[in-house]
Amino acid sequence: NAGVTQTPKFQVLKTGQSMTLQCAQDMNHNSMYWYRQDPGMGLRLIYYSASEGTTDKGEVPNGYNVSRLNKREFSLRLESAAPSQTSVYFCATIRLEMNTEAFFGQGTRLTVV
Amino acid sequence: QKEVEQDPGPLSVPEGAIVSLNCTYSNSAFQYFMWYRQYSRKGPELLMYTYSSGNKEDGRFTAQVDKSSKYISLFIRDSQPSDSATYLCAMKVNQGGKLIFGQGTELSVKP
């Protein structure tokens, strides 16, 4: 039982390149989230999906797009990477009925040069 | 201004001290209040959860919510070096809604 799996774990991009961060969960949870974590800034919500077929903007959505492909998968796309998007990205899921604990992936460390 | 504010520290205490961590928030609609602990290079893990106002105790940890002041606290008694981590408060309005985190407080407990 893997829980929440993020790929890749590490990535270096050049400014202007695009990439997609993948997140998959096998916990049968409804809600999925993408966060970025920067020193001194905590976790900032980029996008979230309350259920399959719905997505909403979080605190810092600019420069990102998301797709909730099905109940298991929620991807985050950077269309034209910028150095300001250098960060650690976390995917998380919550079982809607329980409404409490968020389970996090191991994170993706992205560097944009 | 962020909806949830937390002093990022760092906070350094001797082993055995009582630690007090705090968050303030601006959205009075928040109903679900959580504390997460994050070790270096790991994802956060849920430590405590409280619905609405009141206190909750779990071993050496106590979480308090004061909705009238829009203020939540986490107390750690008899702190241990293994408690050294970043502690993040988090809040939600309702089911399926945004889960918003504070900046996190980096705690170091010295032997």
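Details of the structure are given in the entry above.
Residues numbered from 1 in each chain as written. Chains lettered and ligands numbered in written order. Predicted model: local features only at pLDDT ≥ 70, side-chain atom pairs only at ≥ 80, totals over all residues. Heavy atoms only, no water.

Student: Explain the sheet that holds strand E7 (residues 61-66) of chain B residue by residue, including any values.
Tutor: All names here are of chain B. An order of E1-E3-E8-E7-E6 is seen for the five strands of this open sheet, with the pairing classed as antiparallel. Looking at which strands have only one partner, the edges of the open sheet turn out to be strand E1 (4-6) and strand E6 (54-58). Going from strand to strand, the sheet's axes swing by 15 degrees on average, the running direction of each strand aside. Bridging between E6 and E7 involves five bridges; their strand directions are antiparallel. Along E7, the bridge assignment pairs Asn-55 with Gln-64. (Pairing = 2+ DSSP bridges. Helix = DSSP H or I, 4+ residues; strand = E, 2+ residues; numbered from the N terminus. Axes fitted to C-alpha atoms, helices over the stretch in contact; angles between N-to-C directions.)

Student: I'd love a proper account of the interface of chain A and chain B, names of residues and values included.
Tutor: Many structure descriptions define interface size as the accessible area lost when the parts assemble. Contact with chain A, which involves 25 residues of that partner, is made by 23 residues of chain B. Approximately 2000 Å² of surface area, both sides summed, lies buried where chain A meets chain B, with 55% of it carried by carbon and sulfur atoms. Scanning the region where chain A abuts chain B turns up one salt bridge. Its salt-bridge partner being B:Lys2, residue A:Glu59 comes within 3.4 Å of it at the nearest N-O pair. Our count for the chain A to chain B interface comes out at five residue pairs in polar contact (both at pLDDT 80 or more). Mapped onto the side of chain A that touches chain B, the elements with two or more residues apiece are strand E4 (31-38), strand E5 (42-49), strand E9 (87-94) and strand E10 (102-104) of chain A. If you tally residues by element for the side of chain A that touches chain B, the top one is E5(A), at five residues. (Contact = heavy atoms within 4.5 Å. Buried area = accessible area lost by both parts, 1.4 Å probe. Salt bridge = Lys/Arg side-chain N within 4 Å of Asp/Glu carboxyl O. Polar contact = N/O pair within 3.5 Å; in protein donor to acceptor, adjacent residues only side chain to side chain.)

Student: Describe the state of the cysteines, naming the residues involved and giving the relevant values.
Tutor: Counted by the stated rule, this structure contains two disulfides over all chains. Bridging A:Cys23 to A:Cys91, the disulfide has an S-S length of 1.9 Å. Handedness here is read from the sign of the S-S torsion; for A:Cys23 and A:Cys91, about -75 degrees, the answer is left-handed. Of this pair, A:Cys23 sits in strand E3 (residues 19-25) while A:Cys91 sits in strand E9, and the two are 68 residues apart along the sequence. The pair A:Cys23 / A:Cys91 is uniform in exposure class, with both members buried. Put simply, B:Cys23 and B:Cys89 are joined by a disulfide, and their sulfur atoms are 2.0 Å apart. Here the disulfide of B:Cys23 and B:Cys89 is left-handed, its torsion about the S-S bond being about -100 degrees. Placement of the pair is B:Cys23 in strand E3 (residues 19-25) and B:Cys89 in strand E9 (residues 85-92), with a sequence separation of 66 residues. The class of B:Cys23 is buried, set by a relative accessible area of 0%. (Disulfide = S-S within 2.5 Å. Buried < 20%, exposed > 50% of the residue type's maximum accessible area, 1.4 Å probe, protein only.)

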